[in-house]
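Report on the structure
If you want the building blocks of each chain, they are given just below.
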Protein chains: 2
Amino acid sequence: MYGKCNHSPDPPSPPRHRVGFLQKNNSLEERSRIVSSLQERTAKSLLTCDNGGGDARFRRTETDFSNLFARDLLPAKNGEEQTMQFLLEIVEILTNYIRKTFDRSTKVLDFHHPHQLLEGMEGFNLELSEQPESLEQILVDCRDTLKYGVRTGHPRFFNQLSTGLDIVGLAGEWLTSTANTNMFTYEIAPVFVLMEQLTLKKMREIIGWPEGEGDGIFSPGGAISNMYSVMIARYKYFPEVKTKGMTAAPRLVLFTSEHSHYSIKKASAALGFGTENLILLNTDERGRVIPADLEAKVIEAKQKGHVPMFVNATAGTTVYGAFDPINEIADICEKYNMWLHVDGAWGGGLLMSRKHRHKLNGVERANSVTWNPHKMMGVPLQCSAILVRERGLLQNCNSMSAGYLFQPDKQYDVTYDTGDKAIQCGRHVDIFKFWLMWKAKGTVGFEQHIDKCLDLSAYLYNKIKDREGFKMVFDGEPQHTNVCFWYLPLGLRGLPDGEERRERLHKVAPKIKAMMMESGTTMVGYQPQGNKVNFFRMVISNPAATRSDIDFLVEEIEQLGHDL
Amino acid sequence: MYGKCNHSPDPPSPPRHRVGFLQKNNSLEERSRIVSSLQERTAKSLLTCDNGGGDARFRRTETDFSNLFARDLLPAKNGEEQTMQFLLEIVEILTNYIRKTFDRSTKVLDFHHPHQLLEGMEGFNLELSEQPESLEQILVDCRDTLKYGVRTGHPRFFNQLSTGLDIVGLAGEWLTSTANTNMFTYEIAPVFVLMEQLTLKKMREIIGWPEGEGDGIFSPGGAISNMYSVMIARYKYFPEVKTKGMTAAPRLVLFTSEHSHYSIKKASAALGFGTENLILLNTDERGRVIPADLEAKVIEAKQKGHVPMFVNATAGTTVYGAFDPINEIADICEKYNMWLHVDGAWGGGLLMSRKHRHKLNGVERANSVTWNPHKMMGVPLQCSAILVRERGLLQNCNSMSAGYLFQPDKQYDVTYDTGDKAIQCGRHVDIFKFWLMWKAKGTVGFEQHIDKCLDLSAYLYNKIKDREGFKMVFDGEPQHTNVCFWYLPLGLRGLPDGEERRERLHKVAPKIKAMMMESGTTMVGYQPQGNKVNFFRMVISNPAATRSDIDFLVEEIEQLGHDL
């Protein structure tokens, strides 16, 4: 259990049971030896908690967690010392994990199948029991949980839109969990409520709404943020639906790209529109909505007597990273009096970059915007904002004026209570880590991060676009960091285009991915799209990634896939 | 900045700029002095990271955060040492906060109005800027954030249903944020996905569903869990609504108690039923649904040609802590073929107690159950489960089969991927802290916690029910830990019941609450309910609370309110 402390060059000392390292009965000579030893170790040890292996040994010898239980921790009487010792052990486990996360010589993951983990890996027992486990076992469980997990901050983890492990963001999240409060009232989250308000205003300014006016809220993720947009749009056009239900409105129609995120479809099912009333728009070869197709479908819906109400333009699609042409879509929305939502869950971060924000030109014409700092901006999960241009709608759409939660006769200005704006009641504090990162990096820091990720994806694109065995899914430099490509094993390269080639190619990416995961070296996503068979979708949002990691990925794919 | 370290009895040493404490140029004599000093401080210091103030000073003297920035932390080259130093400083801030949280001599909060905080308290500047701040400033910001916040784990914080600071749960949350992953696929959250599955099964067993069969998911809170229940019920009875919208169904009617949580109303608005189609049920004087009223209203709705579809029974109402009679409601649901949901967000925890679980008798007859471990069970926010008796409904209701997220051709058993069950896409890991607490406490540990809280509320009830100046809102021992009462200042006690008395009494609780918050000594909620003017609602879920804290609260109310 204490194996990872063995950085001491000295032979093991005789055990001193529950006795401090620096006791009064130490001789002066021994003290000198200790001091020298401390010097040496201090120079070696990077983990501050372990500053001086001697000190660390002192700490550990003293606390025998095998006889301690949760009930011995605070608020237990005299529980303070054990509590601090326990938390420090946890911190050591976490800081070790963090160091390994950034170390390219470690694996991204140590893959096991569900049945293997369920059977219990080397004593890692997931089952819950009647009786308490010792804190020693709890610490072992924490180590095991991390051991069998996936290092999403590893420089070679490219599997998701959310990657990386931002240290300041992490510190913010540790503080958030320690504060353990709830966003619904100013009363119990005064600082966080104000941080949310100021940060949302800043985001609206960056979108380009005059003086940052408008409204917004942090929600548990992009899908919920997108759901908010549909709800608010409905409330704007047909407020009576709130009280009378969907039958009070005519048949309402929504529009989104065939490449858009499935959350718009989930929202249309959940909110009672029905997925059939969500019309999918055609895209060009790069995955961008064709505005003329939108207009044609709007006209068609109107001819049927339906009411076109809502258009979602995606800023950064999930697979291709495509940006729909917002200005042209906004023209059509204005012409036909429809709500324009921009789903910038993935691409919103580009607004922070003077070089790349033009890809969202027209975003200031949107009625609402989803923007997930937990994706491109590297904020720890969860952190997603829904921003609304017209003030008051969010509140009026969701307000139920529950007197037991939101008392109008409190001593402070209760307009700061946010609970009645939300579809939630209690709401997790998602703002602090983001606010803290913004403070620590400045706006310019986010810009640098985003520019660097886009540079890296251009590097990858240029490296593979004409490379033997690689074939791009679409031509031209990607708009976002998404680089989509097939890898063709040697045996497929000569095959003529046709069903056999398609079928075989469809199986290549899953096979390579499975081998990557088994070896644990890297992770990258794949999927089919429309009539295109499985291809790799490389995305870069990880601040730890460098060109060498891109090179590694390409070589790994070639090595694993060459002879498939 | 380092003020809280001044536990050293020594006079301040001359500054050693960026030079370690134990340097080679220290004389032997100085070393001896240092060792003695270390001994003394070690004995005093309880915070392990500070074990030996000398060591702490060494650490701090070495790391000058005023010249370090976020860009110097990992993944920066050679950023490991600064990263560890920075995280350790954060941990010190947090452990200091934790110690103070449990210390009754500290305040619960240091209240300021929004405008005061926005103006910047003693240099605490909430505004975001272009340029980065130093890590020293970031550490100051973290201290300030906690300073102006509310200690929700303080033994005298009684303001919300979620109180307390569980140390193991906190450790679990720190680990969760370090792992920074997403619940949507087994691929990137293998351990957490399995923990969720096993924990949900255990919860279903405790509900009483045969062999723990069924389904479920952790959601971002009770309101969303309740929304799930309405969606799933609709899908069960009218699956075509998913594709065709609410107009494909007849006029559907939902039922819930007038005392129930407003999230049922929010769900009926959001999902397209309309709040007018949510029928409120009358309750008895204790806030429990009157089953005969439900049946009468069901019959009335049917006579109008509407379709009664869904009944919510609350297990533990927000204000009174009332438990609706589930068995009698279940009989009516069976008779009229309606979905029975039990909202046990607050009261579900009582299922863990052999002594109190009878209050939820009949819960095993529910079609779905909301149960928030982040309330009565003391799990850190957010942790809420929606549990469904019939397997498959959750998946079929929400599934959109997005190929880019959920590839059927992965190398592992993809039935473990949970993303398509959710209305969310990405989903925060809410399970680990709960799983870890369950391991650490055992089922028996939760039972003891719950029994203790209910004992404490009985103590409060017995203390004040006949006490001069106190008047209970309803008669009899509360079913949950909610104790609802008015406090009557001396001047009101002689007044006859009437409008003047009501008006004056209505203002008493807000005034006392404001004074409590200004002095920062304790916090307890108040609200009106129906035609009852503002009264205090005391709730106990805080494991740190003892009888002495209850006594303190009562005395504080008397002291502040006596002469109002």
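All values reported here derive from a predicted model rather than from experimental measurement.

With 309 residues, the main nonpolar core has Phe 86 of chain A together with Phe 86 of chain B as its most contacted residues. The contact partners of Phe 86 of chain B, leaving out residues within four places of it in the chain, are Ile 167, Val 168 and Ala 171 of chain A together with Phe 65, Leu 73, Leu 135, Ile 138 and Leu 139 of chain B.

Our focus in this paragraph is the sheet that holds strand β11 (residues 523-529) of chain B. Residue and element names in this part refer to chain B. With mixed pairing, the five strands of this open sheet are ordered in space as β1-β11-β12-β10-β9. Strand pairing shows two members of the sheet lacking a second neighbour, β1 (157-158) and β9 (470-472), which therefore form its edges. Note that strand β10 (residues 483-487) and strand β12 (residues 532-538) share three bridges and pair antiparallel. Note on β12: the bridge partner recorded for Val 483 is Met 538. In this fold helix α14 (residues 431-464) packs onto β9, β10 and β12, with an angle of close to 30 degrees to the strand it touches most, β10. Seen against the sheet, helix α18 (residues 547-561) touches β1, β9, β10, β11 and β12 and runs at an angle of roughly 25 degrees to β10.

For the rest of this paragraph, the subject is the packing of helix α8 (residues 222-237) of chain A against helix α10 (residues 263-270) of chain A. Residue and element names in this part refer to chain A. Here α8 crosses α10 at 55 degrees, and the two axes come no closer than 9 Å. Judged by the inter-axis angle, α8 sits oblique to α10. Here α8 and α10 pass one another in a crossing that is right-handed. Here Ala 223, Asn 226, Met 227 and Val 230 of α8 lie close against α10, whose contacting residues are Ser 263, Ile 264, Ala 267 and Ala 270.

Our focus in this paragraph is the relation of the copies chain A and chain B. When chain A is fitted onto chain B, the two copies agree to an RMSD of 0.0 Å after a turn of 180 degrees and an axial shift of 0.0 Å. Taken together, the rotation angle and the small translation identify this as a two-fold axis. Among all residues of chain A, the one whose C-alpha sits closest to the rotation axis is Leu 271 of chain A, at a distance of 2.0 Å. Most of the interface of chain A is mirrored in chain B, where 100% of its interface residues are also at the interface.

Let us look at the sheet that holds strand β10 (residues 483-487) of chain A. All names here are of chain A. Spatial strand order, β1-β11-β12-β10-β9: five strands in an open sheet with mixed pairing. Lying at the two open borders of the sheet, with one neighbouring strand each, are β1 (157-158) and β9 (470-472). Summarising the sheet, β9 and β10 pair through three bridges and their orientation is antiparallel. Looking at the pairing, Met 472 lines up with Phe 485 of β10. Strand contacts of helix α14 (residues 431-464): β9, β10 and β12 (532-538), with the helix running at about 30 degrees to β10, the strand carrying the most contacts.

All names here are of chain A. Close contact between helix α6 (residues 167-179) and α14 brings their axes to 8 Å; oriented N to C, the two are set at 145 degrees. The element α6 and its partner α14 pack so that their crossing is right-handed. Contacts from Val 168, Gly 169, Gly 172, Glu 173, Leu 175 and Thr 176 of α6 reach α14 at Phe 432, Lys 433, Leu 436, Met 437 and Ala 440. For the contact of α6 with α14, the per-class residue count stands at six nonpolar, three polar and two charged.

Here the focus is the packing of aromatic side chains. Counting across every chain of the model gives 37 aromatic pairs over all chains. Relative to Phe 474 of chain A, the ring of Tyr 320 of chain A lies with its centre 4.8 Å away and its plane at 40 degrees, an arrangement referred to as tilted. Of the two residues, Tyr 320 of chain A is situated in the loop between β5 (307-314) and α12 (326-336) and Phe 474 of chain A in the loop between β9 and β10; the sequence distance between them amounts to 154 residues. Classification of Phe 474 of chain A by relative accessible area gives buried; the value is 5%. Connected via pairs of aromatic rings, a cluster forms that spans Phe 124 and Tyr 148 of chain A together with Phe 192, Phe 432 and Trp 435 of chain B. Positioned over the ring face of Phe 69 of chain B is Arg 71 of chain B, at 4.6 Å from the centre of the ring. Over the aromatic face of Phe 552 of chain B sits the side chain of Arg 156 of chain B, whose NZ or CZ is 3.9 Å from the ring centroid.

What follows deals with the environment of Trp 209 of chain B. Residues and elements named next belong to chain B. Relative to the helices and strands, Trp 209 is located in the loop between α7 (190-207) and β2 (215-219). Looking at Trp 209, the relative accessible area reads 2%, which means it is buried. Separated by 156 residues in the primary sequence, Trp 209 and Arg 365 have C-alpha atoms spaced 8.2 Å apart. Those residues in contact with Trp 209 that lie beyond four places of it in its chain are Arg 204, Val 363, Glu 364, Ala 366, Asn 367, Ser 368, Val 369, Leu 387, Val 388 and Arg 389.

Criteria and thresholds
Residues numbered from 1 in each chain as written. Chains lettered and ligands numbered in written order. Predicted model: local features only at pLDDT ≥ 70, side-chain atom pairs only at ≥ 80, totals over all residues. Heavy atoms only, no water. Core = buried A, V, L, I, M, F, W, Y, C linked by side-chain atoms within 4.5 Å. Buried < 20%, exposed > 50% of the residue type's maximum accessible area, 1.4 Å probe, protein only. Contact = heavy atoms within 4.5 Å. Pairing = 2+ DSSP bridges. Helix = DSSP H or I, 4+ residues; strand = E, 2+ residues; numbered from the N terminus. Axes fitted to C-alpha atoms, helices over the stretch in contact; angles between N-to-C directions. Parallel < 35°, antiparallel > 145°, perpendicular 65-115°, else oblique. Left-handed = near helix turned anticlockwise from the far one by under 90°. Least-squares fit on C-alpha atoms with pLDDT ≥ 70 in both. Nonpolar A, V, L, I, M, F, W, Y, C, P; charged D, E, K, R; others polar. Phe/Tyr/Trp six-rings, centres within 6.5 Å; stacked < 30°, edge-to-face > 60°. Lys NZ or Arg CZ within 6 Å of the ring centre and 35° of its normal.

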